[in-house]
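# A look at the structure
Here is how the chains run, residue by residue.
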Amino acid sequence: MEKLWAPWRMELIARPEEKTGCIFCDLPRQKDDARNLILGRTAHTFAMLNRYPYNNGHVMVIPRSHGSDVHALSTEEYGELCAMLRIALLIVERAYKAQGANLGMNLGRAAGAGIADHIHWHVVPRWPGDTNFMPVLADTKVMIEHLDGSFAKLRPLFDAEYRHGEPVFSW
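Residues numbered from 1 in each chain as written. Predicted model: local features only at pLDDT ≥ 70, side-chain atom pairs only at ≥ 80, totals over all residues. Heavy atoms only, no water.

### Focus on the nonpolar core
Nonpolar side chains tend to gather and get buried jointly when the protein is soluble and globular. Core analysis: the largest hydrophobic core is formed by 27 residues, its most contacted members being Leu39, Leu49, Val59, Val61, Val123, Leu154 and Phe158. Within the residue set of this core, elements represented by two or more residues are strand 2 (45-49), strand 3 (59-63), helix 4 (75-96), strand 5 (121-126) and helix 6 (147-161). With 10 residues, the single largest contributor to this core is helix 4. Once residues lying within four places of it in the same chain are set aside, the contact partners of Val61 are Phe46, Ala47, Leu81, Met84, Leu85, Ala88, His120, Trp121 and Val123. (Core = buried A, V, L, I, M, F, W, Y, C linked by side-chain atoms within 4.5 Å. Buried < 20%, exposed > 50% of the residue type's maximum accessible area, 1.4 Å probe, protein only. Helix = DSSP H or I, 4+ residues; strand = E, 2+ residues; numbered from the N terminus. Contact = heavy atoms within 4.5 Å.)

Written out as structure tokens, the structure is:
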């Protein structure tokens, strides 16, 4: 019998529900980007790896403003969020040689938002045949790259696109 190793999934299942604070507000205030999986920052946004990814290279793009209403973002905040989303998609496609991607924003608990009080985009790289019998029959997703490996692969690419928090837009 082969064994599958995905230890970060148990952390998600076993963690107590947090009632105070907002992870998307708290993490960017801290300085340890590697520990917090933060890949890039701008004045109004940041990108980070999803600690509980659907696929390897699953990135989230998040406004720094706390809120659940995309319409409440200023024009500047929304523009910067969209620019970061484009860059995150480009980087994920290049780094993982993705042949497609799912982009999604779950607005509200009823829509499946795990963190409903702070909007965020998901960028999930996809490949033909990247799903198989494991998620369907065994409710298990096989992840082939550790989050530390994903961070090491993606962080330098975000650093190249953003200098001092300002986009370079080399594409």
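### Overview of the packing of aromatic side chains
Summed over all chains, the structure comprises zero aromatic pairs. Positioned above the aromatic ring of Tyr96 is the side chain of Lys153, whose terminal nitrogen or guanidinium carbon lies 4.2 Å from the ring centre. (Phe/Tyr/Trp six-rings, centres within 6.5 Å; stacked < 30°, edge-to-face > 60°. Lys NZ or Arg CZ within 6 Å of the ring centre and 35° of its normal.)

### Some points on the pairing of strand 2
Judged by how many residues are buried, strand 2 sits mostly within the fold: five of five residues are covered. Neither face of strand 2 is exposed, since Thr45, Ala47 and Leu49 on one face and Phe46 and Met48 on the opposite face are all buried. Inspection of the sheet shows strand 1 (residues 38-41) paired to strand 2 by three bridges, in the antiparallel sense. Directly across from Ile38, in strand 2, lies its bridge partner Met48. What sits between strand 1 and strand 2 in their antiparallel hairpin is a turn of three residues. Looking at chain direction, strand 2 and strand 3 are connected through five bridges and run antiparallel. In the strand pairing of strand 3, Leu49 is matched with Val59. (Pairing = 2+ DSSP bridges.)

### Here's the deal with the sheet that holds strand 3
Taken in spatial order, the five strands line up as 1-2-3-5-4 in an open sheet, and their pairing is antiparallel. Across the chains shown, the open sheet's two edge strands, defined by having one partner strand only, are strand 1 and strand 4 (100-104). Strand-to-strand twist of the sheet, defined as the mean angle between neighbouring strand axes without regard to direction, takes the value 20 degrees. Summarising the sheet, strand 4 and strand 5 pair through five bridges and their orientation is antiparallel. Looking across to strand 5, one finds that Leu103 is bridged to Val123. Along the sheet, helix 4 contacts strand 1, strand 2, strand 3, strand 4 and strand 5; its crossing angle with strand 3, the most-contacted strand, is approximately 170 degrees. The strands touched by helix 6 are strand 1, strand 2 and strand 3; relative to strand 1, the strand with the most contacts, the crossing angle is about 15 degrees. (Axes fitted to C-alpha atoms, helices over the stretch in contact; angles between N-to-C directions.)

Any functional reading would require information that these geometric values do not contain.
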